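Here are the chains, one letter per residue:
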Amino acid sequence: MLEKNPVVFIILAFVVIMVGTTITMIAPFKWINGAGDRIAEVKPYTPLQQEGRDIYMREGCNNCHSQTVRTLASDVERYGYGGSYSKSGEFVYDRPHLWGSRRTGPDLAHIGLKYPDPKGAWHKKHMENPQSVVPASNMPSYAFLNTPLNTTYSERKMKLLDFPYTQADLDDLKGKTEMDAIIAYLRKLGTDIPVKKAEAATQAPAALKNPFTDLKAVEKDAESLYMQNCASCHGDKREGNLGPALKGSAKSEADLFKTVFQGIEANGMPAFGGTLDEQKIWKLVTLIKLGAK
Amino acid sequence: MNVKTQYYDDSVKGFITWSIIWGTVAVLVGILISLQLSWPQLNVAPYLTYGRLRPIHTNAGIFGWGIGSFIGLFFYITQRLTKTPLWSPGLARVTLWLFNIGIASAAVTLAMGINRTKEYAELEWPLAVVVAIIWVLFSVNVFMTILKRKEEQMYISLWYIMAALVGVTVLYVVNNLGVPLHLFKSYPIFAGTNDANVQWWYGHNAVAMVLTAPPLALFYYFLPKVTGNPIYSHRMGIIAFWSLIFMYLWTGAHHLLWTPIPDWIQTLAMAFSIMLIAPSWGAVMNGYLTMNGQWEQMKSNYLVKFLICGITFYGLQTLQGPMQAIRTFSAFIHYTDWVPGHVHMGTLGWVSMVIFAAMYYAVTKIFETEIYSVKLANIHFWLILIGQLIYSITMWIAGVQQGSMLLATNPDGTLHYSFMETMIAIFPYYKIRAISGFIYLGGLVAFIFNIYKTFQKGAASQAAKA
Ligand code: HEM
Ligand code: HEM
């Protein structure tokens, strides 16, 4: 009968594909993004951030960058930037989601924690010319984003997405460029949920004594830490770039420790007190003081 | 002779021609983006940057080359299997026009950055509507032909075709639900984790309903035609069919392992992915067993080579896929180049090999002629085989290498390699991959020349007869 009646066949095929669909795709609407997923601190995007997000979509950044820190230790360590793994509640305002499927570049879910600089100097330099801060990068240059932002639809977007906004938010868009918008978006990512960094960074430990005296013993660890955390501003060889040169720094070990631990917010130097433990920071200090000049 | 002349094949020829053109675009853009990954200077801002080109590549590949050839070849197969002329040649002509307008507009709008970002559903809503219309017009035409058929039994190929008609419609419509902001921008109605879940329910079943069911329909039709052997087991085909379309829909979350998607959905996806090996290999074995006693045709018949290599890659693909769906393995290779290695064994090995065989065969039948050059077809075969193998193998190596570097830690628990160090290690593979693209392109050129010459020859002999 089935092999002879196409109408019955089509209906049956539809029913068969709807079983798995109902259970794994439709039913979950009941739970996902529900009360259990909500995180009070997570805020919707401001008009400027949403414009930035739309530019991120327009340029297809999601083709190279994912936006989910998986629940794996290595993911949290590499892309958490002091935060934890990604939770469902962090994405409730994302239409569409931008999780991506490839990491041709690094994950950006928490990138806002990595470069807290309010001026976004690193991002600007990097977007205009990625190779100027990361020499081997294969990311294209986005200098063309230095163009006035089109704000025709900004308010309508807020309404459509049902995000709260004020007149001040809209006024804030005046004179902004596309570059400003995308940087505002990047700086927001991952910053809603408070991380331990914020509290930890204020207070450096009292006894500022470097436990390491021999570079050899720590060099391997220190080099990895340096490449991971510092090189993109201070240069692969500590020759300086966006941040000052660190080769042969004149600062004392205690001062270096404090700078790394607490950061210098006004200059855009992040505080690593929350992401790196004291031992690791001392390793970096040792590398800076005793490493090749 | 008279029986044949009643079939309507102009649109078959049209779709074959145009899908080859879009397929060539896909390969050329594929080569360009693979070069851009080694030499970022090749990005031409803003229209030809990697982020905008990659969706052009995937859409030209899946929609232009894949769906375009399926529409054409399904018009061909359905008429023969039902012994009935196409229900509406006029509708088929309109479908071809819309198809070309749709794909061309897709390329232009994607280059302009008009992009919903959801993989394989990037097109903004006006174009998504056009795609849906194309699909419905095509589906109605095929379905009406089946309804009016003169052959009572419906052969397995027709089952796969009908499943694809329903499946693609449901998937495409749901994943495109959105609210328009203006003509060139819309926001999906789903948010965050929900949107991700819907997307990969769609994404994986695009693999099922576009890259699996349709080539299987071709395979089941053309293998017996080409070899002269009937398919080994009709019953095995039926069981494999129903279990395949039942199981596929549970597996989307294997793209989202370790993410905030609820664990039970991930676990179901993992389990069903592994179960999928059975129906997938049902088809593979059916193919192999059909060759019983006829294996020498692998040497003597160039079409058999394409079909059997194609089904072999399908078999490998459906072993590798379930492996990738296991949490621990996914942790290692997800997000790395391993996945493009998998994807291109599927698209270049399985899907394209079967399409090539089907096109060679259909074109010679339509024109009642012989292929222009079997030798050239063999060159075509070897070049695309070598190109694809180099592509996939280098990407698997790159994926494993980068995956292990990303996990390496120092004694104190810190990560050993920075992200850039892992990238620098795999750059050489990107260059090899680009070379493999050129080899593949060489094969494609041989194919196009051969088909073009066969068209010419066929047209001339038909003119002589008339
Ligand atoms: C030999 C010619 C080709 C070359 C050189 C090529 C190259 C590429 C490159 C460089 C990528 C991006 C990989 C990444 O994200 O790292 C890609 C992705 C992709 N290509 Fe191709 N491609 C070719 C042919 C094709 C064809 C003919 C199809 C379709 C029938 C296709 C389908 C895809 C798909 C679906 C993806 C996305 C994979 C994913 O999301 O992981 N490609 N290709
Ligand atoms: C039993 C069958 C299969 C299973 C269980 C399976 C499983 C998977 C999994 C788990 C991924 C995601 C890998 C990752 O991102 O970590 C994937 C990606 C993919 N597979 Fe398969 N696969 C199967 C067969 C196929 C076949 C026959 C094709 C035909 C071309 C195919 C094409 C693709 C494509 C295009 C993607 C890339 C999607 C994307 O990330 O954009 N797969 N597959």
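The rules behind each value
- Residues numbered from 1 in each chain as written.
- Chains lettered and ligands numbered in written order.
- Predicted model: local features only at pLDDT ≥ 70, side-chain atom pairs only at ≥ 80, totals over all residues.
- Heavy atoms only, no water.
- Helix = DSSP H or I, 4+ residues; strand = E, 2+ residues; numbered from the N terminus.
- Areas by Shrake-Rupley, 256 points an atom, 1.4 Å probe, with all protein chains shown as cover.
- Lys, Arg positive; Asp, Glu negative; His and termini not counted.
- Charge placed at Lys NZ, Arg CZ, Asp CG, Glu CD.
- Buried < 20%, exposed > 50% of the residue type's maximum accessible area, 1.4 Å probe, protein only.
- Near = heavy atom within 4 Å.
- Polar contact = N/O pair within 3.5 Å; in protein donor to acceptor, adjacent residues only side chain to side chain.
- Nonpolar A, V, L, I, M, F, W, Y, C, P; charged D, E, K, R; others polar.
- pLDDT = per-residue confidence, 0-100.
- Salt bridge = Lys/Arg side-chain N within 4 Å of Asp/Glu carboxyl O.
- Phe/Tyr/Trp six-rings, centres within 6.5 Å; stacked < 30°, edge-to-face > 60°.
- Lys NZ or Arg CZ within 6 Å of the ring centre and 35° of its normal.
- Donors = N, O, S within 2.8 Å, 3.2 Å for Na, K, Ca; no water.
- Contact = heavy atoms within 4.5 Å.
- Buried area = accessible area lost by both parts, 1.4 Å probe.
- Patch = residues over 30% accessible without salt bridge, like charges linked within 9 Å, V, L, I, M, F, W, Y side chains within 5 Å.
- Pairing = 2+ DSSP bridges.
- Domains from an automatic or database assignment.
- Disulfide = S-S within 2.5 Å.

### Describing the overall build of chain A
Okay, step 1: Scanning chain A from terminus to terminus reveals 14 helices and 0 strands.
Okay, step 2: Ordered by position from N to C terminus, the α and β elements of chain A give α-α-α-α-α-α-α-α-α-α-α-α-α-α.
Okay, step 3: The dimensions of chain A, computed from C-alpha atoms along their principal axes, are 85 × 45 × 35 Å.
Okay, step 4: Carbon and sulfur atoms make up 57% of the accessible area of chain A, which amounts to about 12700 Å² in all.
Okay, step 5: Distance from the positive charge centre (37 side chains) to the negative charge centre (33 side chains) of chain A: 2 Å.

### Comments concerning helix α13 (residues 253-262) of chain A
Okay, step 1: All of the buried residues along α13(A) are A:Leu256, A:Phe257, A:Thr259, A:Val260 and A:Phe261.
Okay, step 2: Of the residues one or two after α13(A), A:Gly263 is the one with positive phi, at around 75 degrees.

### Some words on unusual backbone geometry
Among all residues save glycine, negative phi is the norm, and among peptide bonds the norm is trans.
Okay, step 1: Omega for the bond connecting A:Arg95 with A:Pro96 falls within 30 degrees of zero, at -5 degrees, which places this linkage in the cis form.
Okay, step 2: For A:Pro96, the location among the structural elements is in the loop between α3 (73-79) and α4 (111-114).
Okay, step 3: Of note, the bond from B:Ala45 into B:Pro46 is cis; its omega dihedral lies within 30 degrees of zero at -15 degrees.
Okay, step 4: Take B:Pro46: it is sitting in the loop between α2 (10-36) and α3 (50-82).
Okay, step 5: One non-glycine residue, A:Tyr81, lies in the positive phi region at around 50 degrees.
Okay, step 6: Relative to the helices and strands, A:Tyr81 is located in the loop between α3 and α4.
Okay, step 7: The phi dihedral of B:Trp258 falls on the positive side, at around 70 degrees, and the residue is not glycine.
Okay, step 8: Its location among the elements puts B:Trp258 in the loop between α9 (234-248) and α10 (263-275).

### Some words on the site of ligand 1
Okay, step 1: Residues in close proximity to ligand 1 total 28 residues, the closest being A:Arg102, B:Arg54, B:His57, B:Glu119 and B:His344.
Okay, step 2: Of the chains in the model, those with residues near ligand 1 are chains A and B.
Okay, step 3: A distance of 2.9 Å separates an oxygen atom of ligand 1 from a polar atom in the side chain of B:Arg54.
Okay, step 4: Elements that contribute at least two residues to the shell around ligand 1 include exactly α2, α3, α15 (338-366) and α17 (419-465) of chain B.
Okay, step 5: Among the elements that take part in the shell around ligand 1, α3(B) stands out by supplying 7 residues, more than any other.
Okay, step 6: In terms of residue class, the shell around ligand 1 is built from 13 nonpolar, 10 polar and 5 charged.

### With respect to the confidence of the model for chain A
Okay, step 1: For chain A, per-residue confidence averages 91 on the pLDDT scale, and residues scoring 70 or more make up 96% of the total.
Okay, step 2: Per-element averaging of pLDDT across chain A places helix α10 (residues 196-200) of chain A at the bottom with 55 and helix α2 (residues 47-58) of chain A at the top with 98.

### Examining the pattern of salt bridges
Okay, step 1: Under the definition given, this model contains 27 salt bridges over all chains.
Okay, step 2: When the shortest N-O distance is used, the salt bridge between A:Lys159 and A:Glu155 registers 3.7 Å. You can see A:Lys159 and its partner A:Glu155 sitting in helix α7 (residues 154-161), 4 residues apart, about one turn around the helix.
Okay, step 3: Taking the relative accessible area as the measure of exposure, A:Glu155 reaches 33% and is therefore partly exposed.
Okay, step 4: Among the charged side chains, a salt-bridge network with shared partners connects A:Glu51, A:Asp54, A:Lys157 and B:Lys185.

### A few points about the packing of aromatic side chains
Okay, step 1: The full count for this structure, using the stated rule, is 51 aromatic pairs over all chains.
Okay, step 2: Between B:Tyr160 and B:Tyr220 the ring centres are 5.8 Å apart and the planes differ by 15 degrees, which places this aromatic pair in the stacked class. With B:Tyr160 in helix α6 (residues 156-175) and B:Tyr220 in helix α8 (residues 213-227), the pair connects residues that are 60 residues apart, well separated along the chain.
Okay, step 3: Exposure remark for B:Tyr160: the relative accessible area of 1% places this residue in the buried category.
Okay, step 4: A relative accessible area of 0% means that B:Tyr220 is categorised as buried.
Okay, step 5: Here the aromatic residues B:Trp65, B:Tyr302, B:Phe306, B:Phe356, B:Tyr360, B:Phe381, B:Trp382 and B:Phe447 are joined through ring pairs into a cluster of three or more.
Okay, step 6: Between the NZ or CZ atom of A:Arg103 and the centre of the ring of B:Tyr335, over which it lies, the distance is 3.8 Å.

### Describing the coordination of the iron atom of ligand 2
Okay, step 1: A lone protein donor binds the iron atom of ligand 2: B:His342 (NE2), at 2.2 Å.
Okay, step 2: Here B:His342 lies in helix α15.

### Thoughts on the interface of chain A and chain B
Okay, step 1: Counting residues at the interface gives 83 residues for chain A and 98 residues for chain B.
Okay, step 2: When the buried surface of chain A facing chain B is broken down by residue, A:Glu3, A:Arg70 and A:Arg102 rank first, second and third, together holding 9% of it.
Okay, step 3: Linking chain A to chain B there are 3 salt bridges.
Okay, step 4: The residue A:Glu59 makes a salt bridge to B:Arg52 at a minimum N-O spacing of 2.6 Å.
Okay, step 5: Run the count over chain A and chain B and you get 27 residue pairs in polar contact (both at pLDDT 80 or more).

### Observations regarding a nonpolar patch on the surface
Okay, step 1: Taken together, the side chains of A:Val7, A:Ile11, A:Phe14, A:Val15 and B:Leu147 make up a nonpolar region of the molecular surface, amounting to roughly 410 Å² of accessible area.
Okay, step 2: Top element by residues in the nonpolar patch is helix α1 (residues 6-26) of chain A. It accounts for 4 residues.

### Some details on the environment of B:Gly228
Okay, step 1: With respect to the secondary-structure elements, B:Gly228 resides in the loop between α8 and α9.
Okay, step 2: Between the alpha carbons of B:Gly228 and B:Met291 there is a distance of 9.8 Å; along the sequence they are 63 residues apart.

### Some details on the pairing of strand β1 (residues 178-182) of chain B
All names here are of chain B.
Okay, step 1: As defined by bridge partners, β1 adjoins strand β2 (residues 185-188) across 4 bridges and the pair is classed as antiparallel. Across the sheet, Pro 180 pairs through a bridge with Ser 186, a residue of β2.
Okay, step 2: Turn length for the β1-β2 hairpin, with the two strands adjacent in sequence and antiparallel, is 2 residues.

### Considerations on the domain arrangement of chain A
Where interface size is quoted, it is often the accessible area lost as the parts come together.
Residue and element names in this part refer to chain A.
Okay, step 1: You can read the domains of chain A as domain 1 (47-195) and domain 2 (198-290).
Okay, step 2: Using C-alpha coordinates to define each centre, domain 1 is positioned 27 Å away from domain 2.
Okay, step 3: Every contact between the two is made by 16 residues of domain 1 and, on the other side, 14 residues of domain 2.
Okay, step 4: Interface area for domain 1 against domain 2, summed over the two sides, is near 1100 Å², with a carbon-plus-sulfur share of 50%.
Okay, step 5: Sorting the residues of domain 1 by area buried against domain 2 places Trp 122, Val 133 and Val 195 first, and these three jointly supply 28% of that buried surface.
Okay, step 6: There are 5 residue pairs in polar contact (both at pLDDT 80 or more) connecting domain 1 and domain 2.
Okay, step 7: Those elements that provide at least two residues to the side of domain 1 that touches domain 2 are α5 (121-128) and α6 (130-133).
Okay, step 8: No other element matches the 3 residues that α5 contributes to the side of domain 1 that touches domain 2.
Okay, step 9: Here the side of domain 1 that touches domain 2 is built from residues that sort into 9 nonpolar, 2 polar and 5 charged.

### So, the side chain of B:Ser233
Okay, step 1: Inspection of the secondary structure assignment puts B:Ser233 in the loop between α8 and α9.
Okay, step 2: Separated by 3.4 Å, the side chain of B:Ser233 and the backbone nitrogen of B:Arg235 make a polar contact.

### A closer look at the state of the cysteines
Okay, step 1: The final tally for this structure, using the stated rule, is 0 disulfides over all chains.
Okay, step 2: You can see A:Cys61 has no disulfide; the closest cysteine sulfur is in A:Cys64, sitting 8.6 Å from it.

### Here's the deal with the site of ligand 2
Okay, step 1: Neighbouring ligand 2 are 26 residues; B:Glu119, B:Tyr120, B:Gly321, B:His334 and B:His342 lie closest to it.
Okay, step 2: Among the chains of the assembly, those with residues near ligand 2 are chains A and B.
Okay, step 3: The contact in question runs from an oxygen atom of ligand 2 to an N or O atom on the side chain of B:Tyr120, over 2.6 Å.
Okay, step 4: Separating a nitrogen atom of ligand 2 from a side-chain N or O atom of B:His342 is a distance of 2.9 Å.
Okay, step 5: Sort the elements by how many residues they give to the shell around ligand 2 and helix α13 (residues 302-324) of chain B lands first, with 6 residues.
Okay, step 6: Here the shell around ligand 2 is composed, by residue class, of 11 nonpolar, 14 polar and 1 charged.

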